[in-house]
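Each chain, written out:
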Amino acid sequence: MTMKASQREAALGALFTLLDGLPLQPNAIRRNSSLPERLSEHAMVFLRDGDMTQVDVTLSPVTYLWEHAASIEIYVAHPEASARDARMDELLQALGTLILADPTLAGQIDHAEVMPPKFEDVTPDGSVGIKACTLDVVMHYASSHPLA
C-alpha cells in the first residue's frame, strides 16, 4: 500500500522543486546530502529538512499549524573572491525572486518567507576558495496531526 506523502514532505518536495529554477549546472541541487570533498569552479545548493515549530492547534477538526524552517546551504567555488561574491549574489537574488513569485510553493503551503543569509568563506587544503551561505526558508502550513 502506497501512502500519501505527509504535509511536511509535500512542503519540502515543493521547495526542492522550486530550487530547480536556480541558474545552476545539472545535478547541483541535493537534499540532505553531504558536501563533496571537492567543488570545482561552480555552485551547489543543499536543502536540509530543518526544524518544525508548532505555532497553534485548532479544534473541530483538530488542525496543527506549523512554521517549518528548512535550511538552504549554497556553496560557490571560484579562485577569485570577486567572482564568488558575484555568483553568490546572483543565486540569492534568483532564490528571492522564485519565492516571491510563488510564496505558496504551487499551493503546497500557506506561505514561504526567506530569512537573512549567513556567510562564510572557506578555503579547504588543495582547493579553490569557496563562499558558503546558509539561510532558512520558513514555510507556514497546517496538518491533521503532528506526523501528517
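Everything in this summary refers to the structure shown in the same document. (Residues numbered from 1 in each chain as written. Predicted model: local features only at pLDDT ≥ 70, side-chain atom pairs only at ≥ 80, totals over all residues. Heavy atoms only, no water.)

**Some words on the overall build of the chain**
Working step 1: Assigned secondary structure in the chain consists of two helices and six strands.
Working step 2: With the C-alpha coordinates of the chain rotated into their principal frame, the extents come out at 60 × 35 × 25 Å.
Working step 3: By sequence separation, contacts in the chain at least 24 residues apart represent 62% of the contacts at least 6 residues apart.
Working step 4: By element, 52% of the accessible surface of the chain is carried by carbon and sulfur atoms, the whole surface being about 8400 Å².
Working step 5: Charge-centre separation for the chain: the mean point of 10 positive side chains lies 5 Å from the mean point of 20 negative side chains. (Helix = DSSP H or I, 4+ residues; strand = E, 2+ residues; numbered from the N terminus. Contact = heavy atoms within 4.5 Å. Areas by Shrake-Rupley, 256 points an atom, 1.4 Å probe, with all protein chains shown as cover. Lys, Arg positive; Asp, Glu negative; His and termini not counted. Charge placed at Lys NZ, Arg CZ, Asp CG, Glu CD.)

**Topic: helix H1 (residues 7-19)**
Working step 1: The end-to-end C-alpha separation of H1 is 18 Å, in line with the 18 Å expected for 13 residues at 1.5 Å each.
Working step 2: Among all positions of H1, only Ala10, Ala11, Leu12, Ala14, Leu15, Leu18 and Leu19 are buried.
Working step 3: Next to the buried residues of H1 lie strand E1 (29-31), strand E2 (43-58), strand E3 (63-77), helix H2 (81-101) and strand E6 (130-143). (Expected span 1.5 Å × (residues − 1). Buried < 20%, exposed > 50% of the residue type's maximum accessible area, 1.4 Å probe, protein only.)

**Some thoughts on H2**
Along an α-helix, a turn takes 3.6 residues, which lines up residues three or four apart on a common side.
Working step 1: The end-to-end C-alpha distance of H2 is 30 Å, a good match for the 30 Å that 21 residues give at a rise of 1.5 Å each.
Working step 2: Within the sequence span of H2, burial applies to Arg84, Met88, Leu91, Leu92, Ala94, Leu95 and Ile99. Each buried residue of H2 lies within a common arc of 160° when the element is viewed along its axis, so the set occupies one face. The outward face of H2, more than 90 degrees from its buried face, is lined by the exposed residues Ser82, Thr97, Leu100 and Ala101.
Working step 3: If you follow the buried residues of H2, they end up packed against H1, E2, E3, strand E4 (111-114), strand E5 (118-122) and E6. (Arc of directions from axis to C-beta.)

**Some words on the packing of aromatic side chains**
Working step 1: Per the counting criterion, the structure on display carries two aromatic pairs.
Working step 2: Here the aromatic rings of phenylalanine 46 and tyrosine 75 are separated by 5.8 Å at their centres, their planes lie at 80°, and the arrangement is edge-to-face. Of the two residues, phenylalanine 46 sits in strand E2 while tyrosine 75 sits in strand E3, which places them 29 residues apart along the sequence. For the pair shown, phenylalanine 46 and tyrosine 75 are each scored as buried.
Working step 3: Judged by centre distance (6.2 Å) and plane angle (20°), the rings of tyrosine 64 and tryptophan 66 are stacked.
Working step 4: Judged by its relative accessible area of 17%, tyrosine 64 falls in the buried class.
Working step 5: Between the NZ or CZ atom of lysine 131 and the centre of the ring of phenylalanine 119, over which it lies, the distance is 5.2 Å. (Phe/Tyr/Trp six-rings, centres within 6.5 Å; stacked < 30°, edge-to-face > 60°. Lys NZ or Arg CZ within 6 Å of the ring centre and 35° of its normal.)

**Notes on the nonpolar core**
Working step 1: Core analysis: the biggest nonpolar cluster contains 33 residues, and Ile72, Ile74 and Met139 have the highest contact counts within it.
Working step 2: Among the elements of the structure, H1, E2, E3, H2 and E6 are those that each provide at least two residues to this core.
Working step 3: In terms of nonpolar packing, the next biggest core, distinct from the first, is built from seven residues, Leu39, Tyr75, Ala77 and Ala132 among them. (Core = buried A, V, L, I, M, F, W, Y, C linked by side-chain atoms within 4.5 Å.)

**A word on the environment of isoleucine 99**
Working step 1: The residue isoleucine 99 is located in helix H2 in this model.
Working step 2: In this structure isoleucine 99 comes out as buried when scored by relative accessible area, which is 4%.
Working step 3: Taking the C-alpha atoms as reference points, isoleucine 99 and valine 114, separated by 15 residues in sequence, lie 7.8 Å from one another.
Working step 4: Discounting chain neighbours no more than four positions away, the residues touching isoleucine 99 are Leu18, Ala112, Val114 and Val137.

**Side note on the side chain of histidine 140**
Working step 1: Position of histidine 140 relative to the elements: it lies in strand E6.
Working step 2: A relative accessible area of 19% places histidine 140 in the buried class.
Working step 3: There is a polar contact of 2.6 Å between the side chain of histidine 140 and the side chain of glutamate 113.
Working step 4: Residues contacting histidine 140, with those up to four places away along its chain left out, are Trp66, Glu67, Ile109, Asp110, His111 and Glu113. (Polar contact = N/O pair within 3.5 Å; in protein donor to acceptor, adjacent residues only side chain to side chain.)

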